[in-house]
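Coordinate analysis (summary)
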Amino acid sequence: MRWLLGKDLLILRRSRVLVGVLVVYPIAIALLIGLAISRSPGKPKVAIVNLAPPGASVELGGSKVEVGRYYAQLFSEVQPLKVATRAQALEKVRSGEALAAVVIPANIAAKLSSVLNQGQLEVIYNGDALEQSLAQSKIQAAVAQANLELSEQIRQLASRGINLLLQGGDLSQLGINQNRLLGLEALPKVLGGLIARAPPGRDRQELVRIKELADFAASNLNISKDVLATIGQPVQVRSALVHGRRTPLNAFAVVVAVSISLMFVCVLLAAGGIALEREDNTLARLTRGLVSREGLVVEKLLLAGGCAFVLAFAMLAGIGAFVALEWSRIGLWLLALAAGALAFGAMGVAIGALAREVRAASLLAFLLSLPLAFLALVPAGAVAPALYDVIRGVSVVFPFKAALQALDNAVNGAEPAIAGSIAHLLALTLLFSVLARVGLRRA
Amino acid sequence: MSGREPAGAAGAVLSARALSKRFGERVALHDVSFDVRPGELVAVIGPNGAGKTTLLSVLAGVQAPTDGDVGGAAQRVGWVPQQPAVYTKLTVVENLALWARLERVSDPAATVRRMLEQTDLAERADEQVGRLSGGNRQRVNIAVGMLSQPAALLLDEPSAALDPIQRGRLWEFIEGLTAHGTCVMFSTHNVAEAERYAGRVLVLDEGELLFDGSPRTLMGQATGRGEAGDGIDFEEAFVEFLQARARA
């Protein structure tokens, strides 16, 4: 077997372009995926037409809420391209310069102030389905956030009014020119004094009824402030992790990038290596008593796994210079990489043995590997439950997800525990080795 | 390939006893038996799909027979497949050294030197096989088959990719082997080559062994004139033989 290993390494050394592609391609893919995962998406360009007059504000109870603050919130979620007219905004969208346009009508402040009508924004979209979806979700999120800000300001104004009603005070802060107002909370005490001094009779009974009303109004109006707050933001988010350790996004991106590189190098080398034996017609000569088919499977697995292991570890160590990784866990890194390399190697040998030709083997390896990596990264809840079950089933019979989980645990201490993932990878190594042996049955 | 049991006639280097090979419903070989003795040069001829390649690959141990046995005194059987089975990315000498080590020959370096001389490849020793001509590639292919100095050598269409000069050198080389006691079996479509070089021909058709004897006997049987077929060449006699068997 060592002679065959030496031969394969010599052939690899001579195939400089292949080695270059095998090293550069996964690194490039890995970097792209890493960047895609770790960086937030860019803000879409949106043409904004603000037809409201400068300084427009919503007036509530004599106080003003600046509509400009509402726009600022709206603009923060997009790249605003300010234009003067609706026609200019439409042109920006048509030409593709902007993905969407938002038209803020001139009467928005008046509508909000009226309380009876909702303010309305006009949104115009363009672009393909994906771009449209991105722009739409961004604008909807921005509008929701801006609405929240506005309603909070309105709630604060309303609370101040309720406080005045309850506790009394200077009405000038509500824009009313009047003497100091008596608060509802003080009213029962005043009425109690009047009742005590009033002679028994019809007037005194009326005063008692008024005092009961004041008691009831004061206690219920107090609750209304909390009701307003709840209506303004009915649901608040409080985050908690059920179990395990949360992996920071950039550390997870490192794990994804290394796993993808490990997979590509391993699967392609193993598939190409075994298929090359067929293409050179040497398989029959080898297996007529010189090397067993099992030995050949193990040799290709070790060759591909070994090369991929070295490359993946070098990548991890290299990335470690830029991202904080726990070097004290290096033993677990090596274990996870080795188990992943074995499983990917076995999968590659099986592909090569079944495809029987280098080009077909390489193509099949690509066709299988890419979607498998993609599927393994689909989070629960991102697709329909039945589809997620199918994806989970597919991920169980191929090594990518198990390798990803093993490496995530090794590097970041994430759940699930590494032992289960390693056992899973070893089982897949065995399964794919058997498949490869079956594929090699016919020399 | 080593470890054969002598199962044929006394003195036979290679023996086939009631060999059959089926691929599903298709019968590739049916009840084929013969013995080959040291120094014999045997041609296996027949139309396309007759079972020539299957017979040689079963004798070489590449495929297991469905029924029957392969045996003989040869401890090692060399096999040279029709398509060169060598690593195109390795040089001639690297190929020979690798296969010599895989064959576990006692002195790989000396064996490689000897094979380079015998096959006239010394000047091309450091060239990658993938850059050699078809003829030279075939010579490397044959050299690999000869590395273990087998008592029996099986060649599948050995001259198919060679030009006339290379063919001449190939047969010179093969005759040198038989002169030293190696028995050589080769399959060919070129019946004139079989007549010219082989001392014995095996005629296969649809997996059955129809004839086992000298080319002259085959000509005689085809023309009905005993040993020699005057006025008819071997190819015509071979075709006549096959047609007569088909009519029967």
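Residues numbered from 1 in each chain as written. Chains lettered and ligands numbered in written order. Predicted model: local features only at pLDDT ≥ 70, side-chain atom pairs only at ≥ 80, totals over all residues.

Here's the deal with the overall build of chain B
Of regular secondary structure, chain B possesses eight helices and nine strands. When each of the 248 residues of chain B is scored for burial, the buried share is 50%. By sequence separation, contacts in chain B at least 24 residues apart represent 67% of the contacts at least 6 residues apart. (Helix = DSSP H or I, 4+ residues; strand = E, 2+ residues; numbered from the N terminus. Buried ≥ 20, exposed ≤ 12 C-beta atoms within 10 Å, placed from the backbone. Contact = placed C-beta atoms within 7 Å.)

Considerations on the overall build of chain A
Counting its regular elements, chain A contains 16 helices and eight strands. A buried classification covers 33% of the 443 residues belonging to chain A. Within chain A, contacts between residues at least 6 apart in sequence are counted, and of these 77% link residues at least 24 apart.

Here we look at the sheet that holds strand 4 (residues 67-71) of chain B
Residue and element names in this part refer to chain B. Pairing within the open sheet is antiparallel, and its three strands lie in the order 2-1-4. In the strand order of this sheet, the two ends are held by strand 2 (26-36) and strand 4, each with one partner. Taken pair by pair, the neighbouring strands of this sheet meet at an average axis angle of 20°, ignoring direction. Here strand 1 (residues 14-23) pairs with strand 2 via seven bridges, running antiparallel. Within strand 2, the position partnered with F23 by the bridge is R26. (Pairing = 2+ DSSP bridges. Axes fitted to C-alpha atoms, helices over the stretch in contact; angles between N-to-C directions.)

Some remarks on unusual backbone geometry
All names here are of chain B. The backbone of A18 sits at a positive phi, close to 50°, despite the residue not being glycine. With respect to the helices, strands and loops of the structure, A18 is situated in strand 1. Even without being a glycine, R104 presents a positive backbone phi close to 60°. Within the secondary structure layout, R104 lies in the loop between helix 2 (92-102) and helix 3 (108-118). Classification of R104 as exposed rests on a count of 10 C-beta atoms within 10 Å.

Quick notes on the sheet that holds strand 3 (residues 41-45) of chain B
All names here are of chain B. Taken in spatial order, the six strands of this open sheet run 5-6-7-3-8-9, and their pairing is mixed. Where the open sheet ends on each side, the last strands, each with one partner, are strand 5 (77-80) and strand 9 (208-213). This sheet shows a mean twist of 15° between the axes of neighbouring strands, independent of strand direction. With five bridges connecting them, strand 8 (residues 200-205) and strand 9 associate as antiparallel partners. Its bridge partner lying in strand 9, L202 is registered against D212. Along the sheet, helix 5 (residues 164-179) makes contact with strand 3, strand 6 (152-156) and strand 7 (183-187), crossing strand 7 at roughly 145°.

What about the packing of helix 2 of chain B against helix 4 (residues 134-146) of chain B?
Packed helix pairs are characterised by how far apart their axes lie and by the angle those axes make with each other. All names here are of chain B. Direction vectors running N to C along helix 2 and helix 4 enclose 20°, while the axes themselves pass 9 Å from each other. Classed by the angle they form, the pair helix 2 and helix 4 counts as roughly parallel. Our pair here, helix 2 against helix 4, has a crossing hand that is right-handed. Of the residues in helix 4, those in contact with V92, N95, L96 and W99 of helix 2 are V140, A143 and V144. Among the residues forming the contact of helix 2 with helix 4, the class breakdown is six nonpolar, one polar and no charged. (Parallel < 35°, antiparallel > 145°, perpendicular 65-115°, else oblique. Left-handed = near helix turned anticlockwise from the far one by under 90°. Nonpolar A, V, L, I, M, F, W, Y, C, P; charged D, E, K, R; others polar.)

Let's talk about the interface of chain B and chain A
In this complex, chain B contributes 18 residues to the contact, which on the side of chain A involves 16 residues. By residue class, the composition of the side of chain B that touches chain A is 12 nonpolar, three polar and three charged.

A closer look at the nonpolar core
The biggest cluster of nonpolar side chains holds 152 residues, and the ones touching the most others in it are L262, C266, V267 and A308 of chain A together with L154 of chain B. The element contributing the most residues to this core is helix 9 (residues 249-279) of chain A, with 22 residues. Not counting chain neighbours up to four residues away, the residues in contact with A308 of chain A comprise L262, V265, C266, L269, A341 and F344 of chain A. Counting residues in each nonpolar core, the second largest holds 22 residues, with A47, A56, A101 and A135 of chain A among its members. (Core = buried A, V, L, I, M, F, W, Y, C linked by C-beta atoms within 7 Å.)

Considering the confidence of the model for chain B
The predicted model of chain B averages 85 in pLDDT, with 92% of residues at 70 or higher. Predicted as a complex, the structure gets a pTM of 0.69 and an ipTM equal to 0.82. (pLDDT = per-residue confidence, 0-100.)

Some points on the environment of A56 of chain A
All names here are of chain A. If you trace the backbone, A56 turns up in the loop between strand 1 (45-50) and strand 2 (57-60). On the basis of neighbour counts, which here come to 22 C-beta atoms within 10 Å, the residue A56 falls in the buried class. For the pair formed by A56 and A106, sequence separation is 50 residues and the distance between their alpha carbons is 9.2 Å.

Quick notes on the packing of helix 12 (residues 330-355) of chain A against helix 13 (residues 358-376) of chain A
Residues and elements named next belong to chain A. Two elements in contact, helix 12 and helix 13, have axes separated by 9 Å at closest approach and are oriented at 135°. As far as their axial angle goes, helix 13 and helix 12 are oblique. As helix 12 packs across helix 13, the resulting crossing turns out to be right-handed. Every residue of helix 13 that contacts helix 12 at G348, I351, G352 and A355 is listed here: A360, A361, L364, A365 and L368. Along the lines of polarity and charge, the residues of the contact of helix 12 with helix 13 split into seven nonpolar, two polar and no charged.

Overview of the environment of N95 of chain B
Locating N95 of chain B in the fold gives a position in helix 2. Spatially, the C-alpha atom of N95 of chain B lies 9.5 Å from that of A125 of chain B, the residues being 30 residues apart in sequence.

Some points on helix 14 (residues 385-397) of chain A
With 13 residues, helix 14 of chain A should cover 18 Å at 1.5 Å per step; its first-to-last C-alpha distance of 19 Å lies within 8% of that length. In terms of burial, helix 14 of chain A is largely open, as just one of its 13 residues are buried. (Expected span 1.5 Å × (residues − 1).)

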